[in-house]
Amino acid sequence: MDVSNHPIDFESMLKFSAEFSGDPISGMSVLEKQFGLLQINNVYHYTDISGFISIMENHELWASHIAFMNDKSEYLHGKELFRERILQKIANVSEPEKQVLQNIIKSLDKEISDGVFPISSKDVFSISFSYNRDSLEMWRGYGKESGVAIGFDFSQCHSLPGMCLIRKEMYEKLLEQYNNIPENVCPNYKHHFLPISVLYEDEKKLELVDQAIDMGLTCFNNQAKSLVEIATIAASDFLSDLIFRLNPQLKHRGFSGEAECRFVDNSVKRSDEAYRIHYRNRGGIVLPYVKYKLMDLNCRPLSKIPICEIVVGPGLKQSKTIDSIKYFLGKNQMSYLVNKVHASDIPYIET
């Protein structure tokens, strides 16, 4: 049979894998596409001068523990949305479906999801980005100092040589295996640079929650034709993993001005020694974080970081900050970025 005129429908394949095979990764991909959570836009990482220097010198981004960030309802918001909707639905489903939903209610308060792709609710680390290149709401967090927004060119990140992320400790372990020759390293557990959008709008969040729950029940009904007990376990595991993956993407609407997208690290690791947690002071709080190396798509050192722009925020020393950043870049083999340093258009100064 000639299949050249019959293109593969990958969306249908993902949906089938999610609803029949119970694959939470496929389920996540379906929802990302349906709700526009993966946008092909440049994204901006806001940081202070110390953070900027560290990122550029070390080719690293740090993922911070979301429990110690500026939203006290972080992660809990999504969990409670799912709990509320499941309790509303549970009275209107069949007895076998009810068992699946009861299992999920129990799993919501666990530290690790119940599925075969275990996800943590306790150790959730995030690298935050914004779709806004010049946000007053973001700049206000830096007071009289000039913050910096590093703009990553999404198109360059995904075309050769591109950019991926790999846990620093994992990369160092691999480097040892390849006699400390970076060009010979074979990638392992790397992640593509794919920040996922945060949902703020209440109506959209509830729609996504409903879609996820319905996907889990469809998974159960597709498999229940063979054996209800196995189908209950499979659907419960699938939905538990999926919910734990989705929770970091649901935030209170009060934070919508951040226009955030985030890279989330919350998979349960096989070996803790390869995934060290670091700690630093942040405003009097001991902030846990993990380090990611910025590498090209083949997990080789980057010759150029795919940056579209470096925006220097408003501050008392903005002009001098810009000059100092350009000097720093020129002296550190990053002259290709000097002309990409721009001042914020916002004339804000904290008094």
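Quick note: structure is the one above.
Residues numbered from 1 in each chain as written. Predicted model: local features only at pLDDT ≥ 70, side-chain atom pairs only at ≥ 80, totals over all residues. Heavy atoms only, no water.

Visitor: Is there a simple way to think about the overall build of the chain in this case?
Guide: For the chain, the helix and strand inventory stands at eleven helices and twelve strands. Its C-alpha atoms give the chain a radius of gyration of 22 Å, near enough to 20 Å, the size a compact globule of 351 residues would have. Based on the C-alpha atoms only, the size of the chain along its principal axes is roughly 70 × 50 × 45 Å. The buried share of the chain, taken over its 351 residues, is 49%. Sequence-distant contacts, at least 24 apart, represent 80% of the contacts inside the chain between residues at least 6 apart. As displayed, the chain offers around 17,500 Å² of accessible surface, 51% of which is attributable to carbon and sulfur atoms. Side chains of the chain give 39 positive and 46 negative charges; the mean places of these two sets differ by 5 Å. (Helix = DSSP H or I, 4+ residues; strand = E, 2+ residues; numbered from the N terminus. Rg over C-alpha atoms; globule rule 2.2 N^0.38 Å. Buried < 20%, exposed > 50% of the residue type's maximum accessible area, 1.4 Å probe, protein only. Contact = heavy atoms within 4.5 Å. Areas by Shrake-Rupley, 256 points an atom, 1.4 Å probe, with all protein chains shown as cover. Lys, Arg positive; Asp, Glu negative; His and termini not counted. Charge placed at Lys NZ, Arg CZ, Asp CG, Glu CD.)

Visitor: Just to check I follow, could you spell out the pattern of salt bridges for this structure?
Guide: Here the idea is simple: oppositely charged side chains can pair when their charged atoms come close. The final tally for this structure, using the stated rule, is 18 salt bridges. The salt bridge partner of Lys89 is Asp214, with a shortest N-O separation of 3.4 Å. Residue Lys89 is found in helix α4 (residues 76-89), and its partner Asp214 is found in helix α9 (residues 202-223); the two are separated by 125 residues along the sequence. Accessibility expressed as a relative area gives 34% for Asp214, which makes it partly exposed. Lys110 serves as the salt-bridge partner of Asp114, at 3.0 Å between the closest nitrogen and oxygen. (Salt bridge = Lys/Arg side-chain N within 4 Å of Asp/Glu carboxyl O.)

Visitor: Would you take a moment to explain the packing of aromatic side chains for this structure?
Guide: Aromatic ring pairs are reported here in terms of the distance separating the ring centres and the angle at which the planes meet. What the rule picks out here adds up to seven aromatic pairs. Look at Phe263 and Tyr292: their rings are 5.1 Å apart centre to centre, the planes differ by 85 degrees, and that puts the pair in the edge-to-face class. A residue pair is termed long-range when its members are at least 10 positions apart, and Phe263 in strand β8 (residues 260-265) and Tyr292 in strand β10 (residues 285-295) qualify at 29 residues. When sorted by exposure, Phe263 lands in the same class as Tyr292, which is buried. (Phe/Tyr/Trp six-rings, centres within 6.5 Å; stacked < 30°, edge-to-face > 60°.)

Visitor: Help me out: how do you make sense of a nonpolar patch on the surface in this one?
Guide: On the surface, a nonpolar cluster with roughly 280 Å² of combined accessible area is contributed by Ile25, Val116 and Phe117. When you line up the elements, Ile25 lands in helix α2 (residues 24-34). (Patch = residues over 30% accessible without salt bridge, like charges linked within 9 Å, V, L, I, M, F, W, Y side chains within 5 Å.)

Visitor: Can you walk me through the pairing of β10 in this structure?
Guide: On any regular strand, side chains alternate: one points to one face of the sheet, the next to the other face. Counting buried positions along β10 gives nine out of eleven residues, so the element sits mostly inside the fold. Pairing geometry for strand β5 (residues 164-167) and β10, over four bridges, is antiparallel. Bridged to Leu165 within β10 is Leu294. Here strand β9 (residues 278-282) pairs with β10 via five bridges, running antiparallel. Within β10, the residue paired with Arg280 across the bridge is Leu287. (Pairing = 2+ DSSP bridges.)

Visitor: Sorry if this is basic, but what is going on with the environment of Ser54 here?
Guide: You can see Ser54 is positioned in helix α3 (residues 49-58). Not counting chain neighbours up to four residues away, the residues in contact with Ser54 comprise His59 and Trp62.

Visitor: Could you clarify how one ought to interpret the packing of helix α5 (residues 95-107) against helix α10 (residues 228-246) in this entry?
Guide: Helix-helix packing is described using two parameters, namely the angle between the two axes and the distance between the axes. Where α5 contacts α10, the axes come no closer than 9 Å and their chain directions differ by 40 degrees. Here α5 lies oblique to α10, going by the angle between them. Our pair here, α5 against α10, has a crossing hand that is right-handed. In this structure, α5 uses Pro96, Gln99, Val100, Leu101, Asn103, Ile104 and Ser107 to contact α10, whose residues at the interface are Val228, Thr232, Ala235, Ser236, Leu239, Ser240, Ile243 and Phe244. Tallied by class, residues from the contact of α5 with α10 come to nine nonpolar, six polar and no charged. (Axes fitted to C-alpha atoms, helices over the stretch in contact; angles between N-to-C directions. Parallel < 35°, antiparallel > 145°, perpendicular 65-115°, else oblique. Left-handed = near helix turned anticlockwise from the far one by under 90°. Nonpolar A, V, L, I, M, F, W, Y, C, P; charged D, E, K, R; others polar.)

Visitor: Help me understand α9 in this model?
Guide: Residue pairs three or four apart in sequence face the same way in an α-helix, which turns once every 3.6 residues. Here α9 is 22 residues long and its end C-alpha atoms lie 32 Å apart, about the 32 Å a rise of 1.5 Å per residue gives. Buried within α9 are the following residues: Lys205, Leu208, Val209, Asp210, Ala212, Ile213, Met215, Gly216, Leu217, Cys219, Phe220 and Gln223. (Expected span 1.5 Å × (residues − 1).)

Taken by themselves, the reported measurements are silent on function.
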